[in-house]
Amino acid sequence: MASIIVRGCGPLQGTVSASGSKNAALPIIAACLLNDRPVHLHNVPALEDVRIMREVLSSLGARCSGPDEHGRMSIDCAAISRTDPPYELVNRMRASFVTLGPLLARFGHAEVPLPGGCQIGARPVGEHTAAMKALGAEITQEAGQIVARAERLQGAEVFLSIASVGATQNALMAAALAEGRSVIHNAAREPEVAEVCSFLAAMGVEIEGIGTSIITVHGQGGISRELEYSVIPDRIEAGTYLLAIAGSGGSGSVANIIPAHLEALTSKMREMGITVEEGRDSISVSGPPELLPTDIRTAAHPGFPTDLQPQFSVLLTIANGVSQVSETVFERRMGHFPELTRMGATVKTANGTAVIQGRPGCLSGVQVDAFDLRGAAAMVLAGLFAEGETVISGLDFIRRGYEHLPEKFASLGGSVRFSDEPAIGQSAQ
Ligand code: EPZ
């Protein structure tokens, strides 16, 4: 895998603008499958994951263009000819499993390959299929695929045993074309779920309880509405830059965000002695001379997001004192800790918990590996805070989730460079 080269820097200063949310754009693109008229999206980030989702829809017969450099993307699902996304694409990106609900709801049939586990955990899909069953679908597993059939889905009470983001999104999209009223209980409350509700509402679906754990959807006979829709900003990307600025001891802002989406992060940043000021659509931070230790425990929204745990952990390694990180969402999302140890951090991990003996200035640049998207972002932050140069193998991960990363860091005064050469001593994969 190609690498990211980061030079340790002084305090980062300036303003960056957040891109559109990857994790909202992906299910919204899938939700276009419900509509037989074109949808014109704005603020879609030009990322590898978005390109994969576009390929998934194109493989089913959708006509897609973009996203272009202005974040515009158009999707026309008038002539869908297949309901079986190919394994090669679903395997490359788990999020494509959210095509199950809309394909089943509109065409009465969907065959979606089981996506399998990944570096951060097992990631089962039982909640997705249970929700489809509750809406009246017949579900079987055949040759590694989930096969779902229903002449017409029926509105129902859907009880999720885990407040899964993807399962809630799949259930919402399926319920949008079910006959009658569906109530999703224990729905995930992440902003990216509320955003799918808002998009369905913009397509004419009546929804109550948006942003809460009980969502009521009044199913439609069909959706046939050409529309424009702008995707919310990426709270995880924004949080990554806020942590980079504050951890470097600098001061600056992230613009084009919804500050309320970042409250779990900003309250923990304040506990570390970081000054945080919220504007209407921006947050400014200023790093203290010395970061204070604190504890975090990841949880479903509005708890501390697992997608910011690796990046936050890096700041704890350079805080003055002992901190604890408990990862409760993805059992294997701890791969960055051994790499941080190689850079000079003192961390002990056991059973999903890391105890960090923070020490200001402890990190120095070496060659490290990243194992997933947020772990790669964490290593970039560690490289910026370290003495010397850090070479991170894991560029493909960053390309999946961070738009214009080198340019955005350059505008803050940081040096992050992409190299398509594999890191020395690393075999090509
Ligand atoms: C979404 O994944 C995000 N992905 C993830 O972001 C994010 O980390 C995660 O939500 C949690 O916030 C997208 O939106 C594309 P879940 P998702 O189903 O929907 C368990 C990133 O870095 N579970 O809410 O797959 C599961 O194993 C990515 O951008 C079941 O047990 O997450 C996990 O422990 C990575 N059975 C927990 O629920 C199920 O059927 C939460 O997973 C489904 C999930």
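Sequence order sets the numbering: in each chain, residues are counted from 1 along the sequence as written. Local features in a predicted model are, by the rule used here, given only for residues with pLDDT of at least 70; side-chain atom pairs are given and counted only at 80 or more, and totals for whole chains, interfaces and linings are based on all residues. Excluding hydrogens and water, the side-chain figures rest on all heavy atoms present in the structure.

**Things to note about the pairing of strand S1 (residues 2-7)**
For S1, the tally of buried residues reaches five of six residues, placing the bulk of the element in the interior. Any two strands are treated as partners once DSSP identifies two or more bridges connecting them. Segments assigned H or I by DSSP are reported as helices when at least four residues long, segments assigned E as strands when at least two residues long, and all are numbered from the N terminus. Examined bridge by bridge, S1 and strand S22 (residues 389-393) share five bridges and lie antiparallel to one another. Each residue of the ladder has a partner; that of Ser-3, found in S22, is Ser-393. Exposure classes here rest on a 1.4 Å probe applied to the protein chains alone. A residue is buried below 20% of its type maximum, exposed above 50%, and partly exposed in between.

**Looking at the pattern of salt bridges**
Here, a salt bridge means any Lys or Arg side-chain nitrogen found within 4 Å of an Asp or Glu carboxyl oxygen. Throughout the structure, instances matching the rule amount to 16 salt bridges. Residue Glu-157 is joined to Arg-181 by a salt bridge in which the shortest nitrogen-to-oxygen separation is 3.7 Å. With Glu-157 in strand S9 (residues 157-159) and Arg-181 in strand S10 (residues 181-185), the pair connects residues that are 24 residues apart, well separated along the chain. On the accessibility criterion, Arg-181 (48% relative accessible area) is partly exposed. A salt bridge links Arg-333 to Asp-372; its shortest N-O distance comes to 3.6 Å. A residue pair is termed long-range when its members are at least 10 positions apart, and Arg-333 in the loop between strand S18 (321-326) and helix H11 (336-342) and Asp-372 in the loop between strand S21 (367-369) and helix H12 (373-385) qualify at 39 residues.

**Describing the layout of surface pockets**
Approximately 260 Å³ is the volume attributed to the second largest pocket. Lining the second largest pocket are 17 residues, with Gly-247, Ser-248, Gly-249, Ile-318 and Gly-361 positioned closest to its centre. Secondary structure elements with two or more residues in the lining of the second largest pocket: helix H8 (235-247) and H12. Three residue categories are used. Nonpolar comprises Ala, Val, Leu, Ile, Met, Phe, Trp, Tyr, Cys and Pro, charged comprises Asp, Glu, Lys and Arg, and polar comprises the others, including Gly. Classifying every residue of the lining of the second largest pocket gives 11 nonpolar, five polar and one charged. Here a cavity means grid points, on a 1 Å grid over the protein atoms only, where a 1.4 Å probe fits yet cannot get out; a pocket means an open set of points with protein on both sides within 12 Å along at least five of seven lines; lining residues are those with an atom within 4 Å of a point. Grid points are joined across faces, edges and corners, and a volume is the space filled by probe spheres set on the points.

**Observations concerning the state of the cysteines**
Cysteine sulfur pairs qualify as disulfides if the two atoms are within 2.5 Å. Tallying each qualifying case throughout the model produces zero disulfides. With no disulfide partner, Cys-9 has as its closest neighbouring cysteine sulfur the one in Cys-362, 15 Å distant.

**Considerations on empty space enclosed by the protein**
Inspection of the entire model under this criterion finds one cavity of 30 Å³ or more. If you go around the largest cavity, the residues you meet are Arg-235, Ile-236, His-261, Leu-262, Glu-263, Ala-264, Leu-265, His-301, Gly-303, Pro-305 and Leu-308. At the level of elements, H8 and helix H9 (263-271) are the ones that each hand at least two residues to the lining of the largest cavity. In terms of residues, the lining of the largest cavity owes the most to one element, H9, which gives three residues.

**Examining the site of the ligand**
Around the ligand sit 21 residues in total, of which Glu-127, Ser-164, Asp-307, Val-329 and Arg-374 are the nearest. Each polar contact in these results corresponds to two N or O atoms within 3.5 Å; when the atoms are within protein, one needs to be able to donate a hydrogen and the other to accept it, and residues that are neighboring in sequence are counted only if both atoms are side-chain atoms. Note that an oxygen atom of the ligand is positioned 2.8 Å from one of the backbone N or O atoms of Gly-166. With respect to the ligand, the side chain of Asp-307 contributes an N or O atom lying 2.6 Å from an oxygen atom. Where accessible areas are quoted, they stem from the Shrake-Rupley method and a 1.4 Å probe; at the residue level, only the protein chains shown are allowed to cover. For the ligand, whose accessible area on its own is 830 Å², the fraction buried by protein is 84%. Secondary structure elements with two or more residues in the shell around the ligand: helix H1 (22-31), helix H5 (126-134), helix H6 (165-176) and H12. Nearness is defined per residue: one heavy atom within 4 Å of the molecule or strand is enough.

**A closer look at the domain arrangement of the protein**
In this entry, domain limits derive from an automatic or database-based domain assignment. Once the domains are mapped, the protein shows domain 1 (2-19 + 233-422) and domain 2 (22-230). Two residues form a contact once any of their heavy atoms are found within 4.5 Å. Across the boundary between the two partners, domain 1 contributes 23 residues, which contact 20 residues of domain 2. Accessible area that two parts lose when put together, evaluated with a 1.4 Å probe and summed over both, is termed the buried area. When the buried surface of domain 1 facing domain 2 is broken down by residue, His-301, Arg-332 and Arg-400 rank first, second and third, together holding 33% of it. Summed over the shared surface of domain 1 and domain 2, the number is two salt bridges. Between Arg-235 and Glu-192 there is a salt bridge, with its nearest N and O atoms 2.7 Å apart. The element contributing the most residues to the side of domain 1 that touches domain 2 is helix H13 (residues 395-401), with three residues. Classifying every residue of the side of domain 1 that touches domain 2 gives seven nonpolar, five polar and 11 charged.

**Some details on the packing of aromatic side chains**
When the centres of two rings from Phe, Tyr and Trp lie within 6.5 Å, Trp using its six-membered ring, the rings pair. Their planes under 30 degrees apart give stacked, over 60 give edge-to-face, and anything left gives tilted. Using the criterion set out here, one finds three aromatic pairs in the structure. Summarising the aromatic geometry, the rings of Phe-199 and Tyr-229 are spaced 5.1 Å apart at their centres and angled 75° between planes, so their arrangement reads as edge-to-face. Here the residue Phe-199 occupies a position in helix H7 (residues 191-202), and Tyr-229 occupies one in strand S13 (residues 227-230), the gap between them amounting to 30 residues. Residue Phe-199 is classed as buried on the basis of its relative accessible area, which comes to 0%. Under the relative-accessibility criterion, Tyr-229 is labelled buried at 11%. Note on Tyr-241 and Phe-409: the rings are 4.8 Å apart at their centroids and 50° apart in plane angle, and the pair reads as tilted. Of this pair, Tyr-241 sits in helix H8 while Phe-409 sits in helix H14 (residues 405-412), placing them 168 residues apart in sequence. Here Tyr-241 falls in the buried class, since its relative accessible area comes to 1%. According to the relative accessible area criterion, Phe-409 is buried, its value standing at 1%.

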